[in-house]
Amino acid sequence: MNNIERRDREMAYISDETVMEEQKKTRKILRELNTADPSDFERIGEIVEQLLGKSHKAFINPPFYCDYGFHIEVGENFFANYNCTIIDVAKVKIGDNCQLAPNVSIYTAGHPVHPDSRNSLYEYGIGVTIGDNVWIGGNTVILPGVHIGSNTVIGAGSVVTKDIPDWVIAAGNPCRVIRKITEDDRKYYYKDREFDEEAWEHIQNY
């Protein structure tokens, strides 16, 4: 079994020449994205569509970094803000209407703990899954194998080491559930600040 096959089966593998050849192609696309005119939203959207394995109406604010791109699948209306990094050695699947704040990092890659095993050049990738309608706060790090449920908010600065369920606010290092999101949250836009009448009418008719 070659190292690409091993990698894609979430087995220990070595980044040999065939693996690095795939990354070279991706880095050329990333150079286009990260040097594009930042005001040319249409061109940026085109490059993002070329880069990602699956996307529809996705937008990424450069700079953006990943290893392959084709291992990243995002749903409708995906948005990633500045300086997002997705190390997509394994699959990263993100649902509809998800937003990543600046400096979010998603890591599927890792290395053995023991130095003898680590120095052998073997590494691994274990997939990450994020549901629909998820907002990931700035400077969050998501580690290999994590599943984040739908309609959940991850607070800024979190390190997500374990699965997070649907419909919760979670934060911290390590990230943990703080509370459930309820119907009462609908009328607030920030902490105890309520939407004004004009905005609230729009939300109700959305």
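For the structure, see preceding data.
All of the points below concern the structure found in this document. (Residues numbered from 1 in each chain as written. Predicted model: local features only at pLDDT ≥ 70, side-chain atom pairs only at ≥ 80, totals over all residues. Heavy atoms only, no water.)

### Some words on the sheet that holds strand β3 (residues 59-60)
Point 1. With mixed pairing, seven strands are arranged side by side in an open sheet as β3-β6-β9-β14-β17-β19-β20. A single partner strand is all that each edge strand has here, and the edge strands are β3 and β20 (176-180).
Point 2. The pairing of strand β14 (residues 135-136) with strand β17 (residues 153-154) spans two bridges and is parallel. Each bridged residue has a counterpart across the sheet, and for Ile136 the counterpart in β17 is Ile154. (Pairing = 2+ DSSP bridges. Helix = DSSP H or I, 4+ residues; strand = E, 2+ residues; numbered from the N terminus.)

### Overview of the pattern of salt bridges
Point 1. Applying the stated criterion across every chain yields a total of eight salt bridges.
Point 2. Among the salt bridges present, the one from Glu46 reaches Arg43, with a minimum N-O distance of 3.3 Å. Remark: Arg43 and Glu46 occur in helix α3 (residues 41-51); sequence separation between them is three residues, near one turn of the helix.
Point 3. The partly exposed category is assigned to Arg43, whose relative accessible area is 32%.
Point 4. One network of salt bridges, with partners in common, ties together Arg7, Asp8 and Glu22. (Salt bridge = Lys/Arg side-chain N within 4 Å of Asp/Glu carboxyl O. Buried < 20%, exposed > 50% of the residue type's maximum accessible area, 1.4 Å probe, protein only.)

### Overview of the environment of Asn81
Point 1. Here Asn81 is to be found in the loop between β6 (79-80) and β7 (84-87).
Point 2. Distance from Asn81 to Ile47, taken between C-alpha atoms, is 15 Å for residues 34 residues apart in sequence.
Point 3. Setting aside chain neighbours within four positions, we find Asn81 in contact with Asn61, Leu100, Ala101 and Pro102.
Point 4. At 3.2 Å, the side chain of Asn81 forms a polar contact with the side chain of Asn61. (Contact = heavy atoms within 4.5 Å. Polar contact = N/O pair within 3.5 Å; in protein donor to acceptor, adjacent residues only side chain to side chain.)

### Topic: the nonpolar core
Point 1. In terms of nonpolar packing, the biggest core is built from 39 residues, with Phe64, Phe78, Ile106, Ile130, Ile142 and Ile148 touching the most fellow members.
Point 2. Per-element tally for this core: the top contributor is α3, with four residues. (Core = buried A, V, L, I, M, F, W, Y, C linked by side-chain atoms within 4.5 Å.)

### Notes on the side chain of Thr108
Point 1. With respect to the helices and strands, the residue Thr108 is situated in the loop between β10 (105-107) and β11 (109-110).
Point 2. On the accessibility criterion, Thr108 (0% relative accessible area) is buried.
Point 3. At 3.0 Å, the side chain of Thr108 and the backbone nitrogen of Val89 are in polar contact.
Point 4. If near-sequence neighbours (up to four positions away) are discounted, Thr108 is found in contact with Ile87, Asp88, Val89, Ala90, Lys91, Val92, Tyr124, Gly125, Ile126, Gly127, Val128 and Pro144.

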